[in-house]
Amino acid sequence: MKLNELRDNDGANKKQKRVARGPGSGKGKTAGRGIKGQKSRSGVAIGGYEGGQMPLYRRLPKRGFTKPNRKEYAVVNLGLIEKFVASGKLDIKLDLTEDMLVAAGLTNHKRDGIRILNKGEIKSAVKLVVSGASAAAVEAIKAAGGSITLPASAAE
């Protein structure tokens with residue numbers, strides 16, 4: 001076998017049907033769009049139209065409210081912090097700030113801050129300085145001999 005002898009299997013390449021190329025093509029004149037009407041024209045966007053019936057997206061009630069300036073926190077679990085400490089990616093002698101957690105790779109983005117949740121187990125006495133933490137996470141960190149510094153508004 002030589003490079004110039006390589007070719008696709010039979011039926012692997014199918015030519016694209018070219019529409020509106022005369023009556024002999026089988027898709028001439030109206031190009032398979034039928035006769036007249038909105039869908040025969042170019043630039044049609046019918047979307048949720050239901051033929052005059054009230055469309056589904058208007059029949060269903062709107063619920064709730066999405067706050068446009070809401071805070072979005074990056075979430076880090078205690079078990080993940082323990083894993084990074086054990087692997088040597090985090091130094092527990094230092095105060096672990098949010099920037100250090102991002103640099104170590106615990107989360108990709110800081111967003112509006114980092115929030116610690118109590119999933120997993122922590123045995124190391126870590127000193128954390130973060131934007132938020134669940135009450136259970138604060139208890140677990142203190143039980144392991146560590147400390148956590150939160151802004152006054154984030155203390156739960």
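All values derive from a computational prediction rather than experimental measurement.

Caption draft 1: Focus on the overall build of the protein chain. On a plain count of helices and strands, the protein chain comes out with four helices and six strands. Along the chain direction, N to C, the helices and strands of the protein chain fall in the order α-β-α-β-α-β-β-β-α-β. The C-alpha radius of gyration of the protein chain comes to 31 Å, more than 25% above the 15 Å expected for a compact globule of 156 residues. Taking the principal axes of its C-alpha atoms as reference, the protein chain extends roughly 85 × 65 × 20 Å. For the protein chain, with 156 residues in total, the buried portion stands at 24%. For the protein chain, contacts bridging at least 24 residues in sequence account for 42% of all contacts bridging at least 6.

Caption draft 2: Representation of unusual backbone geometry in the model. Even without a glycine there, the phi angle at alanine 20 is positive, about 60°. Under the relative-accessibility criterion, alanine 20 is labelled partly exposed at 38%. The phi dihedral of lysine 36 falls on the positive side, at around 50°, and the residue is not glycine. On the secondary structure map, lysine 36 appears in the segment before helix H1 (56-59). Looking at lysine 36, the relative accessible area reads 66%, which means it is exposed.

Caption draft 3: Highlighting the sheet that holds strand S3 (residues 114-117). Spatially, the three strands line up as an open sheet ordered S1-S3-S5, and their pairing is parallel. Every interior strand has two partners, whereas the edge strands, strand S1 (74-77) and strand S5 (132-133), have only one. Where S1 lies against S3, four bridges are found, and the strand directions are parallel. By the bridge assignment for S3, valine 76 is matched with isoleucine 116. With respect to the sheet, helix H2 (residues 78-86) is in contact with S1 and S3, its orientation differing from that of S1 by roughly 65°.

Caption draft 4: Local environment of the environment of glycine 88. When you line up the elements, glycine 88 lands in the loop between H2 and strand S2 (95-97). Distance from glycine 88 to alanine 104, taken between C-alpha atoms, is 9.8 Å for residues 16 residues apart in sequence.

Caption draft 5: Local environment of the sheet that holds strand S6 (residues 147-149). Taken in spatial order, the three strands make up an open sheet running S2-S4-S6, and their pairing is parallel. Bordering the open sheet on either side are S2 and S6, each of which pairs with just one other strand. Averaged over neighbouring strand pairs, the angle between their axes works out to 20° when direction is ignored. Sheet topology places S2 next to strand S4 (residues 127-129); three bridges connect them, and they run parallel. Looking across to S4, one finds that aspartate 95 is bridged to lysine 127.

Caption draft 6: Geometry of the pairing of S3. On S3, burial follows the alternation: Ile114 and Ile116 on one face are buried, whereas Arg115 and Leu117 on the facing-out side are not. For S3 and S5, the ladder comprises two bridges, and the chain directions are parallel. Across the sheet, residue arginine 115 finds its bridge partner in S5, namely glycine 132.

So, how was this worked out
- Residues numbered from 1 in each chain as written.
- Predicted model: local features only at pLDDT ≥ 70, side-chain atom pairs only at ≥ 80, totals over all residues.
- Heavy atoms only, no water.
- Helix = DSSP H or I, 4+ residues; strand = E, 2+ residues; numbered from the N terminus.
- Rg over C-alpha atoms; globule rule 2.2 N^0.38 Å.
- Buried < 20%, exposed > 50% of the residue type's maximum accessible area, 1.4 Å probe, protein only.
- Contact = heavy atoms within 4.5 Å.
- Pairing = 2+ DSSP bridges.
- Axes fitted to C-alpha atoms, helices over the stretch in contact; angles between N-to-C directions.

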